[in-house]
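# Results of the structural survey
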Amino acid sequence: MTTPYDALFTPGEDRAPDVHTVDLALSVARESLNRCASSNIHSYGAMITAAVELQHTLRQLVIALDAERGESR
């Protein structure tokens, strides 16, 4: 399906982020949250950067949790 925008992630087409453990993914998520917390909400560029970083980080955490549970997506 063609859309007038570029998606952050396209399942089945894009490579999923690499994750080793839930502890590592949680640590990276905390660092990402701290980094993005001071982003300027009035800056389009800052919000795009934060959205991409947080989406990638959340995807890593979900993949790590699924792997720990023996599930795959």
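Okay, so let's go over this structure.

How each quantity is defined
- Residues numbered from 1 in each chain as written.
- Predicted model: local features only at pLDDT ≥ 70, side-chain atom pairs only at ≥ 80, totals over all residues.
- Heavy atoms only, no water.
- Axes fitted to C-alpha atoms, helices over the stretch in contact; angles between N-to-C directions.
- Helix = DSSP H or I, 4+ residues; strand = E, 2+ residues; numbered from the N terminus.
- Parallel < 35°, antiparallel > 145°, perpendicular 65-115°, else oblique.
- Left-handed = near helix turned anticlockwise from the far one by under 90°.
- Contact = heavy atoms within 4.5 Å.
- Expected span 1.5 Å × (residues − 1).
- Buried < 20%, exposed > 50% of the residue type's maximum accessible area, 1.4 Å probe, protein only.

### Thoughts on the packing of helix H1 (residues 22-37) against helix H2 (residues 44-69)
Contact geometry for H1 and H2: axes closest at 9 Å, N-to-C directions at 165°. The angle between H1 and H2 falls in the class roughly antiparallel. Note on packing geometry: the crossing formed by H1 with H2 is left-handed. Facing Val22, Ala25, Leu26, Val28, Ala29, Ser32, Leu33, Arg35 and Cys36 of H1, the residues of H2 in contact are Ala50, Glu53, Leu54, Thr57, Gln60, Leu61, Ala64, Leu65 and Glu68.

### Points about H2
With 26 residues, H2 should cover 38 Å at 1.5 Å per step; its first-to-last C-alpha distance of 37 Å lies within 8% of that length. Every buried residue of H2 is listed here: Ala50, Thr57, Gln60, Leu61, Ala64 and Asp66. Count one or two residues on from H2 and you reach Gly70, which has phi positive near 80°.

Purely spatial values, then, with no claim about function.
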